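# Understanding the architecture of this molecule
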Amino acid sequence: MLFAVVVLGELLALVLVMSGGMVDIWNRLGLMSLFLQWVILSSSLVLCLARPALTKLSDSAAALISYLLLLMVTAIVSELAFRFARIALPNDHSEFLLTNLLISAIISALVLRYLY
C-alpha cells in the first residue's frame, strides 16, 4: 500500500509541474516531488499512529478526524518547507500555505472517499 501511495504522489507531482508550464521542469519536478513525498509519508505515519484511536469512533467521526489530521500535516509540512527552503519557494507565505491546503483538501477528500 505504501508503494502505491508513493507512486500516486509522484504522479500528482508530475501533473502539478506540467500544469505550470514547461520552463525549468526538472528543477520544479524535483522540488515538488520532495515536498509531496514529505506530506504523503508524514500523513501516512500520522494516520497509522491514529488508527487505534480512530477504530473506537463512529465512521463519520473517524473520517472527519482523519481528514483534519491530513490537513494539519499538510499545514505543518508547508510551514516547515516555507521556513527552511525560502530560496526555492514563492515570497507570499499565505498564498503558498493556502494553495497547499486547498490542493490537500481536494486530494484528501478524494482519497478518503474512494480508497477507504
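As a starting point, this report considers the structure included with it. Computed from a predicted model, the values in this text were never measured in an experiment. (Residues numbered from 1 in each chain as written. Predicted model: local features only at pLDDT ≥ 70, side-chain atom pairs only at ≥ 80, totals over all residues. Heavy atoms only, no water.)

Attention now moves to the packing of aromatic side chains. For the structure shown, the criterion picks out 2 aromatic pairs. Relative to F96, the ring of F35 has its centre 6.0 Å away and its plane inclined at 55°; by these criteria the two rings are tilted. Residue F35 is located in helix 2 (residues 25–54), and its partner F96 is located in helix 4 (residues 93–115); the two are separated by 61 residues in the primary sequence. Just as F35 is buried, F96 falls in that class too. Relative to F96, the ring of F82 lies with its centre 5.8 Å away and its plane at 35°, an arrangement referred to as tilted. Placement of F82 in helix 3 (residues 59–84) and of F96 in helix 4 is noted, with a sequence separation of 14 residues between them. (Phe/Tyr/Trp six-rings, centres within 6.5 Å; stacked < 30°, edge-to-face > 60°. Helix = DSSP H or I, 4+ residues; strand = E, 2+ residues; numbered from the N terminus. Buried < 20%, exposed > 50% of the residue type's maximum accessible area, 1.4 Å probe, protein only.)

What follows concerns a nonpolar patch on the surface. A cluster of nonpolar side chains, contributed by M1, F3, V7, L8, L11, L14, M18, M22 and L115, occupies part of the molecular surface with about 950 Å² of accessible area. For the nonpolar patch, the element with the highest residue contribution is helix 1 (residues 2–19), accounting for 6 residues. Relative to the elements of secondary structure, L11 occurs in helix 1. (Patch = residues over 30% accessible without salt bridge, like charges linked within 9 Å, V, L, I, M, F, W, Y side chains within 5 Å. Areas by Shrake-Rupley, 256 points an atom, 1.4 Å probe, with all protein chains shown as cover. Salt bridge = Lys/Arg side-chain N within 4 Å of Asp/Glu carboxyl O.)

Once that is clear, we can look at helix 3. Here helix 3 contains 26 residues, and its C-alpha end-to-end distance of 37 Å stays within 8% of the 38 Å for a straight helix at 1.5 Å per residue. Every buried residue belonging to helix 3 is among A62, S66, L69, L70, L71, V73, T74, V77, S78, A81 and F82, and all of these are buried. Contacts from the buried residues of helix 3 go to helix 2 and helix 4. (Expected span 1.5 Å × (residues − 1). Contact = heavy atoms within 4.5 Å.)

Moving on, we come to unusual backbone geometry. Backbone geometry follows two general trends: most residues other than glycine have a negative phi, and most peptide bonds adopt the trans configuration. With a phi angle near 55°, D24 is a residue other than glycine that sits in the positive phi range. With respect to the helices, strands and loops of the structure, D24 is situated in the loop between helix 1 and helix 2. For D24, a relative accessible area of 47% puts it in the partly exposed group.

Bringing the side chain of S43 into the picture now. Among the secondary structure elements, S43 is positioned in helix 2. At 2.7 Å, the side chain of S43 forms a polar contact with the backbone oxygen of V39. Among all residues touching S43, those that are not within four sequence positions of it are L70 and V73. (Polar contact = N/O pair within 3.5 Å; in protein donor to acceptor, adjacent residues only side chain to side chain.)

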